[in-house]
Amino acid sequence: MKRINIVRNRKILIPALISILCILLLFLYYENNRIRSSGDVRLMLGTVVEITVLGKDEDVLERAVDAAFDRMGEIEMVADRYTGESEISRMNRTAADGQVDVSDEMIEMLRVSETLAAETEGAFDVTIAPLSDLWGFTGEPRLPAPEEIEALLSVVCHDCVVVDYDKKTVYYSNPDVAVDLGGIAKGYAVDEAVKVLESLDVVSGVINAGGDMAVIGKKGDDPWRIGIQHPRDSQELIAVLDIVDRSVVTSGDYERFFFSDDVRYHHIIDPHTGYPARMTMSITVVAENTAVADALATAYFVMGPKKALDAAEHTDGVDVLIVDADGNMTHSDGLSSILTLMR
Ligand code: AMP
Ligand code: MG
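A few points on the structure.

1. Comments concerning the nonpolar core
Here is step 1: Of all hydrophobic cores here, the largest spans 73 residues; its most connected members are Ile 51, Met 72, Met 91, Val 170, Leu 181, Val 285 and Tyr 300.
Here is step 2: Here this core gets 10 residues from one element, more than from any other, and that element is helix H8 (residues 290-303).
Here is step 3: If we ignore the near neighbours within four places in the chain, the residues touching Met 72 are Met 44, Leu 45, Val 49, Ile 51, Ala 189, Val 190, Ala 193, Ile 207 and Ala 209.
Here is step 4: Among the nonpolar cores identified, the runner-up in size contains 19 residues, and Ile 226, Met 281, Leu 321 and Val 323 belong to it.

Right, here's the structure in full:
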């Protein structure tokens, strides 16, 4: 057998070193450009919030995710009615006594809420708070007596919340009025988290706050694939949506509910009757803004499939996937090209 000494044989040594160098450079190039995933899951805003981001620099991604969660925590301190120190708790305690100063965040959520209350004929109404409390869906839910519901219908009154958008003050013209931002705060918080991520150069990611989702950019070269849960089986998907840079929010009668005499009572209340809305099982709204999608999902749920589909078809940039009370699915035309039905 012929043995070659590569140290002495420069004809072999130099090409070998060049090859090793090339492999090393290729490896370094690959490592620098490899797409990494970072993310975290936290309990906030009364739900599970999950942020996933993709990018090249893991430290940058981790810092961005932390900053996004911090911002969502700030919104929680504005909008969480179940924390005594939150801004909304203070507003509900004092706004009937006279004008109270409120934050930019509160002003923004009230502005969207007022617009959507008008656009949905009052199906979305943040003054649902006394009825939300009566039904008790965040604590011990119970079926109230019809008289109890009747007695509170007159204080579901979004006109009683007088907002001065220039001075940034709020006044309740009726002492029994209280505001509940549960139908919009998660969406607003998700939008704020998106702004933070984008300001920190994140160009690809998904935020999911218990069914209120926003998608940033693409997942590599493809859209993000967003699964829509079956309203009667949390392990099953009814559809998958291909989403780029849009928000996807689902409201369903399966999120908070109880049964009494085989009737399902859930947390989305028709402000006109005081009872949980009956015509829908779940509705998914796709829109450009998560706060709007959140409020619309709640409002469309109340309005029922027919009116919801009609409203979405007449609203630019808004699409819907609806499961009605009998389990039948419909969707607006705008979803046809991005929707895969799973059943
Ligand atoms: P979502 O899960 O986004 O549909 O919102 C439901 C939450 O919004 C409830 O837990 C209540 O806090 C609040 N809510 C219920 N019904 C309404 C309504 N008709 N308009 C506005 N907010 C509502
Ligand atoms: Mg909502």
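2. Remarks on the pairing of strand E1 (residues 36-44)
Here is step 1: Sheet topology note: the E1/strand E2 (residues 47-55) ladder contains 9 bridges and is antiparallel. In the strand pairing of E2, Asp 40 is matched with Ile 51.
Here is step 2: Counting the residues in the hairpin turn of E1 and E2 gives 2 residues, including Leu 45, whose phi is positive at 55°.

3. Remarks on the coordination of the magnesium ion (ligand 2)
Here is step 1: Taken together, the protein ligands of the magnesium ion (ligand 2) are Gly 183 (O), Asp 294 (O), Asp 294 (OD) and Thr 298 (OG1), with distances of 2.0 to 2.6 Å.
Here is step 2: Mapped onto the sequence, the donors of the magnesium ion (ligand 2) take the spacing G-x110-D-x3-T. In this pair, Gly 183 sits in the loop between strand E5 (169-172) and helix H7 (185-199) while Asp 294 sits in helix H8, placing the two residues 111 residues apart along the sequence.
Here is step 3: By relative accessible area, Gly 183 is classed as buried at 16%.
Here is step 4: We classify Asp 294 as buried; its relative accessible area is 4%.

4. Some words on the sheet that holds strand E6 (residues 205-209)
Here is step 1: Ordered by their spatial adjacency, 8 strands build an open sheet running E1-E2-E6-E7-E10-E13-E14-E15, and the pairing between neighbours is antiparallel. Edge positions in the open sheet fall to E1 and strand E15 (329-331), since each of these has one partner strand only. Here the strands of the sheet are splayed against their neighbours by 10° on average, with no regard to which way each runs.
Here is step 2: Where E6 and strand E7 (residues 212-216) come together, 5 bridges link them in antiparallel fashion. Directly across from Val 206, in E7, lies its bridge partner Val 215.
Here is step 3: Seen against the sheet, helix H2 (residues 58-79) touches E1, E2 and E6 and runs at an angle of roughly 20° to E1.
Here is step 4: On the sheet, H8 packs against E7, strand E10 (247-252), strand E13 (280-287) and strand E14 (319-324) and is oriented at approximately 155° with respect to E13.

5. Considering the site of ligand 1
Here is step 1: For ligand 1, the set of nearby residues contains 16 residues, the closest of which are Ala 123, Asp 180, Ser 251, Ile 269 and Thr 298.
Here is step 2: Here a nitrogen atom of ligand 1 and a backbone polar atom of Asp 125 are 3.0 Å apart.
Here is step 3: In the model, an oxygen atom of ligand 1 is placed 3.1 Å from a nitrogen or oxygen of the Gly 183 main chain.
Here is step 4: In terms of residue count, H8 provides more of the shell around ligand 1 than any other element does, 3 residues in total.

6. Quick look at unusual backbone geometry
Here is step 1: With a phi close to 55°, Leu 45 is a non-glycine residue in the positive phi region.
Here is step 2: Note on placement: Leu 45 falls in the loop between E1 and E2.
Here is step 3: Even without being glycine, Lys 168 reaches a positive phi, approximately 60°.
Here is step 4: Within the secondary structure, Lys 168 is located in the loop between strand E4 (161-164) and E5.
Here is step 5: With a relative accessible area of 34%, Lys 168 lands in the partly exposed category.

7. So, H8
Here is step 1: Compared with an ideal rise of 1.5 Å per residue, which puts 14 residues at 20 Å, H8 spans 19 Å between its outermost C-alpha atoms and is within 8% of the ideal.
Here is step 2: Counting buried positions along H8 gives 13 out of 14 residues, so the element sits mostly inside the fold.
Here is step 3: Among the residues of H8, the N-terminal cap falls to Asn 289, whose side-chain oxygen and the backbone nitrogen of Ala 291 are separated by 2.9 Å.
Here is step 4: Positive phi shows up at Gly 304, right after H8, with a value of about 90°.

8. Quick look at the packing of aromatic side chains
Here is step 1: Taken as a whole, this structure holds 7 aromatic pairs when the rule is applied.
Here is step 2: Taking the centre distance of 5.4 Å and the plane angle of 25° together, the rings of Phe 258 and Tyr 265 count as stacked.
Here is step 3: One aromatic cluster in this structure is built from Trp 135, Phe 137, Phe 258, Tyr 265 and Tyr 275.
Here is step 4: One residue, Arg 264, lies across the ring of Phe 257, its end atom 4.3 Å from the ring centre.
Here is step 5: Directly above the aromatic system of Tyr 265 lies the positively charged group of Arg 278, at a separation of 5.6 Å from the ring centroid.

9. Regarding the sheet that holds strand E9 (residues 233-243)
Here is step 1: The antiparallel open sheet is built from 3 strands, whose spatial order is E8-E9-E16. In the strand order of this sheet, the two ends are held by strand E8 (224-230) and strand E16 (339-341), each with one partner. For this sheet, the mean angle separating the axes of adjacent strands, direction not counted, is 30°.
Here is step 2: One ladder, built from 3 bridges, connects E9 with E16; its direction is antiparallel. When the sheet's bridge partners are listed, Val 240 is paired in E16 with Thr 340.

What counts as what
- Residues numbered from 1 in each chain as written.
- Chains lettered and ligands numbered in written order.
- Predicted model: local features only at pLDDT ≥ 70, side-chain atom pairs only at ≥ 80, totals over all residues.
- Heavy atoms only, no water.
- Core = buried A, V, L, I, M, F, W, Y, C linked by side-chain atoms within 4.5 Å.
- Buried < 20%, exposed > 50% of the residue type's maximum accessible area, 1.4 Å probe, protein only.
- Helix = DSSP H or I, 4+ residues; strand = E, 2+ residues; numbered from the N terminus.
- Contact = heavy atoms within 4.5 Å.
- Pairing = 2+ DSSP bridges.
- Donors = N, O, S within 2.8 Å, 3.2 Å for Na, K, Ca; no water.
- Axes fitted to C-alpha atoms, helices over the stretch in contact; angles between N-to-C directions.
- Near = heavy atom within 4 Å.
- Polar contact = N/O pair within 3.5 Å; in protein donor to acceptor, adjacent residues only side chain to side chain.
- Expected span 1.5 Å × (residues − 1).
- Phe/Tyr/Trp six-rings, centres within 6.5 Å; stacked < 30°, edge-to-face > 60°.
- Lys NZ or Arg CZ within 6 Å of the ring centre and 35° of its normal.

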